[in-house]
Amino acid sequence: MWDRQDDASMHLFFRVDPFPAGDVRAKNATLSLFARARSDCECSVGETANVRLLVEVNQYLQALRPRRNNRHNRMRRPRMQNLDIDVLQWNDQGWMHFDVTDAVQDWMTRPRRSFGLEIKVERLQRVTPGRRITDFDAHEVFGQADCTLPLEIACLDRLPLLSNNDYSPILEVWTETRPTLGKRKKRSLAVSNRQYQKKRATLINDFYEES
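Conventions and cut-offs
- Residues numbered from 1 in each chain as written.
- Predicted model: local features only at pLDDT ≥ 70, side-chain atom pairs only at ≥ 80, totals over all residues.
- Heavy atoms only, no water.
- Helix = DSSP H or I, 4+ residues; strand = E, 2+ residues; numbered from the N terminus.
- Buried < 20%, exposed > 50% of the residue type's maximum accessible area, 1.4 Å probe, protein only.
- Contact = heavy atoms within 4.5 Å.
- Phe/Tyr/Trp six-rings, centres within 6.5 Å; stacked < 30°, edge-to-face > 60°.
- Lys NZ or Arg CZ within 6 Å of the ring centre and 35° of its normal.
- pLDDT = per-residue confidence, 0-100.
- Expected span 1.5 Å × (residues − 1).
- Arc of directions from axis to C-beta.
- Salt bridge = Lys/Arg side-chain N within 4 Å of Asp/Glu carboxyl O.
- Core = buried A, V, L, I, M, F, W, Y, C linked by side-chain atoms within 4.5 Å.

K.L.:
Explain the side chain of asparagine 58 to me, please; I cannot follow it from the model alone.
P.N.:
Examined against the element boundaries, asparagine 58 turns out to sit in strand 3 (residues 52-60). Assessed through its relative accessible area of 2%, asparagine 58 is described here as buried. With near-sequence residues (within four places) excluded, asparagine 58 lies in contact with Met80, Gln81, Asn82, Leu83, Gly116, Leu117, Glu118 and Tyr196.

Printed below as a string of C-alpha cells:
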C-alpha cells in the first residue's frame with residue numbers, strides 16, 4: 001500500500017504469485033476493507049445518522065507516477081479498469097467485500113501489469129434542490145497497514161489483525177485448474193466499465209429515490 005497526503009483515494013498493492021500459462025486461473029478473488037466506526041463530528045443528529053458513502057474499487061492499468069514538469073508533483077491519472085462498487089452506510093464498524101477477480105486473473109497471467117488498486121470514496125448528500133456527490137477521504141474510512149512500523153507484519157503477509165489493533169485490507173483468492181472447455185473470459189475494458197457505470201447509476205438513483 002502506498003499513500004500521498006494530497007490524494008483522497010487509497011492505493012493498495014498485493015503480491016500475487018504468477019502461474020504457468022494454461023495451468024491455473026483465478027476462480028474468485030475478493031477484496032475486504034474494514035470500515036472503522038465514525039468519530040464524533042459537529043453535525044446535526046439527522047446528518048450523523050445518515051452518512052452514505054459510495055465506495056469504488058478500480059484496477060490500475062498503468063503505473064502511478066508523478067507528472068513531469070509539475071511543481072506540485074501531482075500524480076498522473078493512469079488508465080484504470082472499474083472493478084466493483086457499493087454503498088456504505090457509515091455508522092458502526094464493519095467489513096465491505098468487493099469482487100476483484102478480473103484484476104487478480106490479470107496479475108496471475110501478466111505480472112508486469114500488477115500496478116495495484118485504487119479505493120475511491122464519494123459522499124452522497126441530499127440538498128435542496130437536487131443532489132450532491134463529493135469526494136471523501138478514503139483514509140478516514142478504512143483501516144490501513146502502516147508499513148513504517150517495524151512490527152507491522154501485515155505489509156508482508158495477508159493478516160486481518162494488525163499489531164496496532166487496526167484492520168488492514170485483505171485479498172482472498174480462490175484458484176482452480178483451468179478446464180479445457182468453458183474457460184472464463186476476462187471482460188473487455190469497455191464491457192467492464194459499462195457494467196460498472198450501470199451499477200453506479202443504480203446505486204445513486206436508489207439513494208435519492210428513498211423517502
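K.L.:
What's the story with the packing of aromatic side chains in this structure? I'm lost.
P.N.:
A full pass over the atoms with the stated rule returns two aromatic pairs. Centroid distance tryptophan 90 to phenylalanine 136: 5.7 Å. Interplanar angle 80°. Geometry classified as edge-to-face. On the criterion of sequence distance, the pair formed by tryptophan 90 in the loop between strand 4 (80-89) and strand 5 (94-99) and phenylalanine 136 in strand 7 (residues 131-136) is long-range, its members being 46 residues apart. One exposure class covers both tryptophan 90 and phenylalanine 136, and it is buried. Directly above the ring of tryptophan 90 sits arginine 38, whose terminal nitrogen or CZ lies 5.6 Å from the centroid.

K.L.:
I'm lost on the confidence of the model for the protein chain in this one. Help?
P.N.:
Regions with low pLDDT carry predicted coordinates that are not meant to be interpreted in detail. For the protein chain, per-residue confidence averages 76 on the pLDDT scale, and residues scoring 70 or more make up 68% of the total. For residues 150-165, every residue scores under 50 in pLDDT, and the model assigns this stretch 29 contacts once sequence neighbours within four places are set aside.

K.L.:
Is there a simple way to explain helix 3 (residues 189-209) in this structure?
P.N.:
Its 21 residues place the ends of helix 3 30 Å apart at the C-alpha level, agreeing with the 30 Å of an ideal helix rising 1.5 Å per residue. What helix 3 keeps buried is the set Ser192, Tyr196, Arg200, Leu203, Ile204, Phe207 and Tyr208. Take helix 3 and look down its axis: the buried residues cluster within an arc of 125°, on one side only. Opposite the packed face of helix 3, turned more than 90 degrees from it, sit the exposed residues Arg194, Lys198 and Glu209.

K.L.:
Hey, could you run me through the pattern of salt bridges in this one?
P.N.:
A side chain with one charge may pair with a side chain of the opposite charge, provided their charged atoms come close. Per the counting criterion, the structure on display carries six salt bridges. The shortest N-O distance in the salt bridge between arginine 200 and glutamate 122 comes to 2.8 Å. Remark: glutamate 122 occurs in strand 6 (residues 117-126) and arginine 200 occurs in helix 3; sequence separation between them is 78 residues. With respect to burial, arginine 200 and glutamate 122 carry one shared label: buried. Because the salt bridges share partners, they merge into one network encompassing Glu56, Glu122 and Arg200.

K.L.:
Teacher, can you tell me more about the side chain of asparagine 82 here?
P.N.:
Within the fold, asparagine 82 resides in strand 4. Its relative accessible area of 12% is what places asparagine 82 among the buried residues.

K.L.:
Can you walk me through the nonpolar core in this structure?
P.N.:
One recurring pattern in soluble globular proteins: nonpolar side chains tend to sit buried together. Of all hydrophobic cores here, the largest spans 32 residues; its most connected members are Leu31, Val100, Val104, Leu117, Ile119 and Phe142. When residues of this core are traced back to their parent elements, those giving at least two are strand 1 (10-12), strand 2 (24-35), strand 3, strand 4, strand 5, helix 2 (101-109) and strand 6. With six residues, strand 2 is the largest single contributor of residues to this core. Setting aside its immediate chain neighbours within four residues, valine 104 contacts Val16, Ala26, Ala29, Leu171 and Val173.

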